[in-house]
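Fold and geometry: a report
If you want the building blocks of each chain, they are given just below.
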Amino acid sequence: MELPKHYHLKEAEKKWQEWWIKEKVYAFDAKAKGEIFSIDTPPPTVSGRMHLGHALAYSQLDFVARFQRMQGKNIFFPWGFDDNGLATERYVEKKCNVRGHLMSRPEFIKLCLRETKDVEEALQKDWQALGLSPDWNINYRTIDEGCRRVSQISFIALFEQGREYRKEAPTIWCPECQTAIAQVELQDKELDSFFNDIVFKVEGKDLIVATTRPELLGSCVALFAHPEDIRYQKYFNKKVIVPLFNQEVPILADERADPEKGTGIVMCCTFGDQIDIEWYKAHNLPLRISIEKDGKMNALAEKYEGLPIKKARAIIIEDLKNARLLLSQKPIRHTVNVHERCGIEVEILNTKQWFIRYLDLKEEFLKLGNQLRWHPEHMKVRFENWVKGLRWDWCISRQRFFGIPFPVWYCTNCREIILAEKKDLPVDPTVDKPKKACPKCKGKDFEPEKDVLDTWATSSLTPMIALQWGEDEKFFQKMFPMSLRQNGHDIITFWLFNTVVKSYLHEKKLPWKDVMINGFVLDPKGRKMSKSKGNVIEPREVLETFGADALRFWAASSKLGDDIPFKEKELVAGQRMITKLWNASRFAMMHLQDFDGKKPKSLAPIDAWILSPLQRLVQECTAYFQQYDYSKTKMETEKFFWHMFCDQYLELVKDRLYNKEGYSKEAIHSAKYTLYTVLLTILKLLAPILPHSTEEIYQRYFQMKENEKSIHRSSWPRAEKSFIDEDVEQIGEEVVKIVNEVRKYKTSKGMSLSQELEKIIVHTEHSLKEVEKDILAVAKAKSIDWKKGSFAVNIL
């Protein structure tokens, strides 16, 4: 079958996307024997739209999945949607004009699952339009019944291990979202501020203390200086009066005080930062909390009660000035912690929360990070730095309505913690009741835990969720650990680390063998894309204009882990590549209609030449893909296709294919065999990156020869070492040099490439008589004179 003159990408891409699903080309076979390659797929959130970062990351993951499938592996590539969280809650409330907290939680979860279904179906079409190859029938939603069950099983298991505890303790708190958050949810943000030199009184004398947070004066419980700081040694263990609030607090020595920071003596407030917590515990200091959960000052702040933090700060500074207790202000730019979701500065409040105890396992986590195979390797540093910097146990409770409930009640009589029975999971303690009396006091009245689990406490279980942990133990043990996790470099500390934690705590294993870390997409000027900058580019528009294969071609141009600027010229290059591939295939099929697929008894020299470097290309591309280096596969195959196959080989073989007179049947058969072999190999090497165009070409000719229903189910090329011949390659390279010299000569003389030459004189150390006819045909020359000597070409 001949190819049409033009490749119609829109029709072809839609056709193959539908056909792949209908024919179950990418279906996982749980009963099949042989090697399994399993992927812990990142579940996209349902409240957003696919952006170019998604297109980049999921395309790069799909390159690997397709390569592994062509290696003959049984691919477990599930698909999930992340609909557990604040974004979904707000989306559904707005869409349905309801307030979730006015409904029962199970009713609201059902509403969310129902109302996000249409959104998920639309989003799934976006991902399908990229040409992704998961098994769409293996799916989950992070708030569905199965996920709630797995998450609650995890909670109960860790509680039974003694790893979880509930206590009132200093907690990172977001006053905007009004919930506790974990250390992983913090972001550093540089802000302008002031060091305020404030006058404290000790024995009637002035003592100057520098602080950026004068609004915490009411929470001051001590002053600290370094024990070797001679400026303050005489004050240690004396009492000092706090300005405006007048409470007396001790002056204490501690090596954690920095003599170089501010005035060298520092307030300890409950709580301004992590060091305040350490001092509070180490020195058994009193607790004075002057900020409420809503970010306003409380009664301890006296006349500033009810003011928002920043307003209280401004008024306190004015009052200090008026009282001549503010000596000076020094402008500074410093880094503060903000909540990654809302960007608001966090506070540290004493609240009752659930935690996972894991600070004692930092060395184990570092060992696990070293055992994991990182691609690229340097991304491991981010994991290690995060583990080394851990200062808090993992706070897993959130003061939100929507989410996965804790399977917990409290006995109203004795406060015993009552866990749900595993057979009843998932439960919601706000509507469900314990099936038995309190085991401690036999009481039957219970108070439900109203907090919900941190979304990361569930997202960190995606390998368990996908592999039916707690439901099908045989299947889970067969599949765990998984082969691969693809992860953005921005959430190594979120998703990747937390998944390692849960996997280790539950199974004492890593959750996967390999991780591949993708980068960000930048705008053409190298800036991060954002709505505020107006530089966001929608993938839908790109797909509509250029098609999925061109977009994937662009995604393959970036090395794994690198941030990549979005440049239209790469998409144009992708389209040009597809067009050239189509035209080269069209030429080949014109001459392969009667090819019988048999290997010739001997190869013509030019055919042997192209087949030798082709084997090296296959070896290299296979090695690259095995190391997740798809970009080198793309680059080297593209180079071979354009420069060796199209520019040289096709030109050299044309005469044999068009003008059969003067060539033996064996020489013609050799040309057809080589054309078939090289083109099919190139198609297979490009299939993971350009799945639609390679499938279209494969189906129009190669499928009936290869007898495999899809190129994506066919075997990855294997190098035939018998074809590798360095002597033949040297001859071929010299032929190419001769042809290039002729082309340069004709161009310099303003001649057409088809214009005939009288004679070419070639000086060479090699015997090229066998390929003379090929050279004469492509050079359009009447004769060649061969001379022994160093390579040179003269043209008459």
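Our structure is the block above this text.
Read on for a plain summary of the structure. (Residues numbered from 1 in each chain as written. Predicted model: local features only at pLDDT ≥ 70, side-chain atom pairs only at ≥ 80, totals over all residues. Heavy atoms only, no water.)

Topic: the overall build of the protein
- In terms of helices and strands, the protein carries 23 helices and 28 strands.
- Oriented by its inertia axes, the alpha-carbon framework of the protein measures out at about 110 × 65 × 45 Å.
- Burial analysis of the protein (796 residues in total) assigns 57% to the buried set.
- As displayed, the protein offers around 35,500 Å² of accessible surface, 48% of which is attributable to carbon and sulfur atoms.
- Counting 122 positive and 115 negative side-chain charges, the protein places the averaged centre of each group 1 Å from the other. (Helix = DSSP H or I, 4+ residues; strand = E, 2+ residues; numbered from the N terminus. Buried < 20%, exposed > 50% of the residue type's maximum accessible area, 1.4 Å probe, protein only. Areas by Shrake-Rupley, 256 points an atom, 1.4 Å probe, with all protein chains shown as cover. Lys, Arg positive; Asp, Glu negative; His and termini not counted. Charge placed at Lys NZ, Arg CZ, Asp CG, Glu CD.)

Section: the nonpolar core
- Counting 121 residues, the largest nonpolar core has Trp127, Leu551, Trp554, Phe645, Tyr649 and Phe702 as the members making the most contacts within it.
- Of all the elements, helix α20 (residues 665-686) adds the most residues to this core, at eleven residues.
- Ranked by size, the runner-up nonpolar core spans 76 residues in total, among them Ile156, Ala182, Trp456 and Phe476. (Core = buried A, V, L, I, M, F, W, Y, C linked by side-chain atoms within 4.5 Å.)

A short note on the packing of aromatic side chains
- This structure, assessed with the given rule, holds 44 aromatic pairs.
- Taken together, a centroid distance of 5.3 Å and an interplanar angle of 90° make the contact between Trp16 and Trp19 edge-to-face. Here Trp19 and Trp16 lie together in helix α1 (residues 9-22), a separation of three residues that amounts to about one turn.
- Ring geometry for Tyr676 versus Tyr701: centroids 6.0 Å apart, planes at 70°, classification edge-to-face. Here Tyr701 lies in helix α21 (residues 691-706) and Tyr676 lies in helix α20, a separation of 25 residues in the sequence.
- Residue Tyr676 is classed as buried on the basis of its relative accessible area, which comes to 8%.
- Its end group placed over the ring of Trp20, Arg66 keeps NZ or CZ at 5.0 Å from the ring centre.
- The lysine or arginine in question, Lys654, covers the ring of Phe587, its NZ or CZ lying 5.8 Å from the ring centre. (Phe/Tyr/Trp six-rings, centres within 6.5 Å; stacked < 30°, edge-to-face > 60°. Lys NZ or Arg CZ within 6 Å of the ring centre and 35° of its normal.)

A word on the pairing of strand β26 (residues 757-764)
- Relative to strand β27 (residues 781-788), β26 is paired through seven bridges, and the arrangement is parallel. By the bridge assignment for β27, Ile761 is matched with Asp785.
- Relative to strand β28 (residues 792-795), β26 runs antiparallel, the two sharing four bridges. The partner of Ile761 across the bridge, within β28, is Asn794. (Pairing = 2+ DSSP bridges.)

Regarding the side chain of Asp254
- Along the chain, Asp254 turns up in the loop between β11 (248-253) and β12 (265-269).
- A polar contact is formed between the side chain of Asp254 and the backbone nitrogen of Arg256, at a distance of 2.8 Å. (Polar contact = N/O pair within 3.5 Å; in protein donor to acceptor, adjacent residues only side chain to side chain.)

A few points about the sheet that holds strand β5 (residues 164-174)
- Read across the open sheet, the four strands follow the order β6-β5-β14-β16; overall the sheet is antiparallel. Every other strand in the sheet has two partners, leaving β6 (179-180) and β16 (394-395) as the edge strands with one partner each.
- Bridging between strand β14 (residues 347-356) and β16 involves two bridges; their strand directions are antiparallel. When the bridges of β16 are listed, Ile356 appears paired with Trp394.

Structural notes on helix α14 (residues 492-507)
- Of all 16 residues making up α14, 16 are buried, and the element is well covered by its neighbours.
- Directly after α14, the chain includes Lys508, whose backbone phi takes a positive value near 60°.

Examining the pattern of salt bridges
- Going through the model one piece at a time under the given rule, you end up with 61 salt bridges.
- A salt bridge links Arg540 to Asp126, with the shortest nitrogen-to-oxygen separation between them at 2.9 Å. Placement of the pair is Arg540 in helix α15 (residues 539-546) and Asp126 in helix α5 (residues 117-128), with a sequence separation of 414 residues.
- Residue Arg540 is classed as partly exposed on the basis of its relative accessible area, which comes to 39%.
- Between Glu190 and Arg333 there is a salt bridge, with its nearest N and O atoms 3.1 Å apart. Of this pair, Glu190 sits in strand β7 (residues 186-202) while Arg333 sits in strand β13 (residues 326-339), placing them 143 residues apart in sequence.
- Overall, Arg333 belongs to the partly exposed group, its relative accessible area being 49%.
- Linked through salt bridges whose partners overlap, the residues forming this network are Glu421, Lys423, Asp424, Lys435 and Lys436. (Salt bridge = Lys/Arg side-chain N within 4 Å of Asp/Glu carboxyl O.)

Topic: α21
- Helix length check: α21 (16 residues) gives 17 Å between terminal C-alpha atoms against 22 Å at 1.5 Å per residue, more than 12% under.
- Within α21, the axis deviates most sharply at Gln699, by approximately 60°.
- Three or more residues of α21 are buried, namely Pro691, His692, Ser693, Thr694, Glu695, Glu696, Ile697, Tyr698, Tyr701 and Phe702.
- Buried residues along α21 sit in contact with α1, α2 (52-70), α16 (548-555), α17 (568-591) and α20.
- Once α21 ends, the next one or two residues include Asn707, with phi positive near 60°. (Expected span 1.5 Å × (residues − 1). Bend = angle between axes of the 7 residues up to and from the residue. Contact = heavy atoms within 4.5 Å.)

Let's talk about the environment of Gly204
- Along the chain, Gly204 turns up in the loop between β7 and β8 (205-211).
- Judged by its relative accessible area of 65%, Gly204 is exposed.

Concerning the packing of α20 against α21
- Contact geometry for α20 and α21: axes closest at 11 Å, N-to-C directions at 130°. Relative to α21, the element α20 is oriented oblique. For the crossing formed where α20 meets α21, the hand is left-handed. Residue-level contacts link Tyr676, Leu679, Leu680, Leu683, Lys684 and Leu686 of α20 to Thr694, Ile697, Tyr698, Tyr701, Phe702, Lys705 and Glu706 of α21.
- Residues belonging to the contact of α20 with α21 are distributed by class as follows: nine nonpolar, one polar and three charged. (Axes fitted to C-alpha atoms, helices over the stretch in contact; angles between N-to-C directions. Parallel < 35°, antiparallel > 145°, perpendicular 65-115°, else oblique. Left-handed = near helix turned anticlockwise from the far one by under 90°. Nonpolar A, V, L, I, M, F, W, Y, C, P; charged D, E, K, R; others polar.)

Observations regarding the state of the cysteines
- Throughout the structure, instances matching the rule amount to zero disulfides.
- We note that Cys220 lacks a disulfide partner, and the nearest cysteine sulfur, in Cys269, lies 4.8 Å from it.
- On the basis of relative accessible area, Cys220 is assigned to the buried category, the value being 0%.
- The thiol of Cys646 is unpaired, and the distance to the nearest cysteine sulfur, on Cys621, comes to 16 Å. (Disulfide = S-S within 2.5 Å.)

Some details on unusual backbone geometry
- The omega torsion across Leu425 and Pro426 is 0°, close enough to zero to call that bond cis.
- As for its placement among the helices and strands, Pro426 is situated in the loop between β19 (417-419) and β20 (446-448).
- Note the cis peptide between Phe480 and Pro481, where omega equals 0°.
- With respect to the helices, strands and loops of the structure, Pro481 is situated in the loop between α13 (473-479) and β22 (482-488).
- Located in the positive-phi region is Asn97, a residue other than glycine, with phi close to 55°.
- Assignment of secondary structure puts Asn97 in the loop between α3 (86-96) and α4 (105-115).
- Within the chain, Lys442 stands out as a residue other than glycine whose phi angle is a positive 65°.

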